[in-house]
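Observations on the model geometry
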Amino acid sequence: MRFHHIANLLAVVLIVLARPAQSLDIEAEKHFPAVFDGAELHILSTADLDIFTPIITGFQHDNPEISVHYTVASSLEVFNAVYTDSGRFDLVISSAMDLQTKLVNDGYAQSYDSSQITGLPDWAGWRNQIFAFTMEPAVLLISKVALDGLPVPSNRSDLIRILRENPERFRGKIGTYDIRSSGLGYLFATQDSRSSESFWQLMELMGQLDVRLFCCSSDMIARVESGELAIAYNVLGSYSNAQTSPLEQNVQVVSLTDFSTIMVRTALIPATSKNAAVSGKMIDFLANLDKHPDIIDATGFSSIKGSNLTGGESLNTIKLGPNLLVFLDKLKRLRFIDAWESSIEQH
Amino acid sequence: MNILTTHSIRRRLVFQLSIVAALLSVLFAYSVKVIGENTAQITQDQVLASAATSIADAIRSESGELVVDIPYSAFSMLGALSDDRVFYRIDVGGEAVTGYEDLPVELVPESVGQPSFSSTQYRGAEIRIASVIRPLSTLERSVGAVVSVAQTRSGFNEVTSGVRTIATAVGIAFFATAVVLVLLAAQSAIRPLQDVSTAVERRGPRDLRPVNEKVPSEIAPLVTALNRLMVRFSKALDRSEDFIAEAAHRIRTPMALVQTNAEIALRTTKSTQSRRAIREIIEAAEETSRSARQILDHATVGFRTDHLQRQEVPVTALIEAVLDRLLPVAEMKGIGISFQGPAENLICAGDPVLLESALGNVLDNAIKYSPHDTCVTVSAESDGDWIRISVEDEGTGFPVAEIEGLADRFTRGSNAEGTIGSGLGLTIVSDVLVAHAGQLEIENSKEGEGACVSIILPTS
């Protein structure tokens, strides 16, 4: 308990502490050369290289004179890199809406406007400095084999009931984000907690059933596929769509009907970028992904324009704006993680 | 006659009222701007203060520790108001515990429930800060918590620039409307004055009746004074005309007596010297009574032209009457008069007394300026619309350069110095012809010596 507390404190301090950009912890990096000589676009992103490659290829098809340098890092690393940026990156793409919003709020982004982005809904942008281009729901993944005849839960109360009624079947076979290490997991958890008390019941129950914690959606998806996990809660829907297609027989993707939190992937142009016009072209391209169905298919992203997400009012889209700063408050974060830990690790 | 004028009343009215309107417009626009800005400021302050208050209210003590739990709504309400960036800072016991610890909070509220507000610069932007204070107590101690919430001012600036635009537009519209109204008001204020001067200007030269137009009370004294002046002027004019006519009349009778007696004396006197003296007396008496008659004629013409009464006048009879009257005078000077009357009977419309007086003066002039043993020829002709009566003599003629001004009162030709005369004759003729819409033609006769004066009258 104490240990976690200190670890959390450390994590928060790391957010705020300025670290030199050079020490960026890169997960992957790739250069996409241009067909003709021209501008170079440095993208720093949280999206995996293979997921984003179709987008870059499509972009370069439209803009053959632009070479793209794509760097992948975790959302915290991305945030820190921009907070201490020396102008290395021209475009920052992240699934951590809250951290991206904080970058804008604290003045680390520059404004961009074009006719290409006017069709975006109001909640999908803020201050003309941050632009959402995908809608990605948090979903429940179920292994059909592990469920073994039990009815598929369609909402959280169903899920709670099934877990309560079959503790032995699910013990040690439930996975969810470790919100201490995953920015996206933290965002999903905080937004879930705002929507319903059932979130805390679920966390308590999962804690009793020895929930296993993961850093990333891909890990959970892999384990549900292999049958190692029976249920994974709050997995990024787009990843599961992209990764599970060959194994559809075993994995079922469930959008819970009581509410499903929608994450939007956002792009911003760092204030230090001297290449904003080129960055703007990429933002225009991302805002109009719906015109490229092949890319939609390849990435599993759901474009904001022409989104085919169903669920209507149960879709909990998170508005970009200062409200996202609330759960970034260090005391608020400490408190939330404390509460989460005491739910998960109660035994 | 030139009148010394100061600035026109209308221009002065328009100018002064426009200045007033401009001042009022500026004041109005300024008030709108100030009120709008204050309202925008109050709105932003209230939202900031409620955000700060909701955060402060959520601070609580839990098992001996202070818990700061920012409500989600605190920031979403700020996000709903505008796209402005949000900063905050929470101090407990004088120490920043969370938020932007370098946020410059200069003003700390003195009492609970009274937020303090300040404006400053932070992270390259102008911000507005609201701070609230809340006393807290844990088991061990009592401390004060200060919650400060700040927002950049782009939303506020957007609102105020909108307000400024509206205020400016309202001010300009107000001014434009006021100027139009001022112009109309000045025009309507000045109209009675114009009406009076138009009424006075439209009068005939001898119309001295009082002004009867309805006038506003402000210019009533002016019109009353004008009317009194006209009454006095009219009386003075009447008196002097009466006096002149009376004087002329009184001179004529004794002069006739002088002339008669002188003629008798001339017949009975043998002395050449005396005869010459008496002849001069007769000539002077003649000239004096002629002048007196002309003065009387002039007075008559003045009166009758003001009240012209037209009737059909047979021209031949008119000429013959004049010839009858003047034939004795001509004979005495040894001057012959021939009249070539027209075949048809010419009729013109006019006042016979005036026409006779005009023709008489023309003929009288011709006789007067003709040398002995010459002939004066009178002729009349018509082209249907106009009747021309010409009187031609064999005298010295008119100096060509002076013909234009000869009809003016008391003006005589420069070569008439040897002859006694008043210069009134052609003035009377001219006045009569103007009243009859006729024309006076003065020229030297084509055959060299002599003058030709023509009276041209309309037939109807």
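Our structure's up above, just so we're on the same page.
Residues numbered from 1 in each chain as written. Chains lettered and ligands numbered in written order. Predicted model: local features only at pLDDT ≥ 70, side-chain atom pairs only at ≥ 80, totals over all residues. Heavy atoms only, no water.

**Remarks on the packing of aromatic side chains**
By the definition in use, this model includes 16 aromatic pairs over all chains. Judged by centre distance (5.7 Å) and plane angle (75°), the ring pair of F59 of chain A and F285 of chain A falls under edge-to-face. Here F59 of chain A, found in helix α2 (residues 49-62), pairs with F285 of chain A, found in helix α12 (residues 276-287); they are 226 residues apart in sequence, far enough to count as distant. For F59 of chain A, a relative accessible area of 0% corresponds to the buried category. Taken together, the ring pairs connect Y186, F199, W200, F327 and F336 of chain A together with Y72 of chain B into an aromatic cluster. The side chain of R153 of chain B reaches across the aromatic face of F156 of chain B, ending 4.0 Å from its centre. (Phe/Tyr/Trp six-rings, centres within 6.5 Å; stacked < 30°, edge-to-face > 60°. Helix = DSSP H or I, 4+ residues; strand = E, 2+ residues; numbered from the N terminus. Buried < 20%, exposed > 50% of the residue type's maximum accessible area, 1.4 Å probe, protein only. Lys NZ or Arg CZ within 6 Å of the ring centre and 35° of its normal.)

**Focus: the packing of helix α6 (residues 315-333) of chain B against helix α7 (residues 352-368) of chain B**
All names here are of chain B. The interhelical angle for the contact between α6 and α7, taken along N-to-C directions, is 25°, at an axis separation of 9 Å. Looking at the two axes, α6 sits roughly parallel to α7. Crossing angle aside, the handedness with which α6 passes α7 is right-handed. Residues L318, I319, V322, L323, R325, L326, A330 and K333 of α6 touch α7, and the partners they reach there are P352, L355, E356, L359, G360, L363, D364, I367 and K368. (Axes fitted to C-alpha atoms, helices over the stretch in contact; angles between N-to-C directions. Parallel < 35°, antiparallel > 145°, perpendicular 65-115°, else oblique. Left-handed = near helix turned anticlockwise from the far one by under 90°. Contact = heavy atoms within 4.5 Å.)

**Some points on the pattern of salt bridges**
Inspection of every chain in the model, using the stated rule, returns 29 salt bridges over all chains. Note that K281 of chain A and E65 of chain A form a salt bridge whose closest N and O atoms lie 3.5 Å from each other. Of this pair, K281 of chain A sits in helix α12 while E65 of chain A sits in the loop between α2 and β3 (67-72), and the two are 216 residues apart along the sequence. Judged by relative accessible area, K281 of chain A falls into the partly exposed class, the value being 37%. A salt bridge links K102 of chain A to D106 of chain A; the nearest nitrogen and oxygen atoms lie 3.1 Å apart. Residue D106 of chain A is classed as buried on the basis of its relative accessible area of 3%. Ionic contacts of the salt-bridge type, sharing partners, join the residues K332 and R335 of chain A together with R60, E62 and D69 of chain B into one network. (Salt bridge = Lys/Arg side-chain N within 4 Å of Asp/Glu carboxyl O.)

As far as function goes, none of this settles anything; it's purely spatial.
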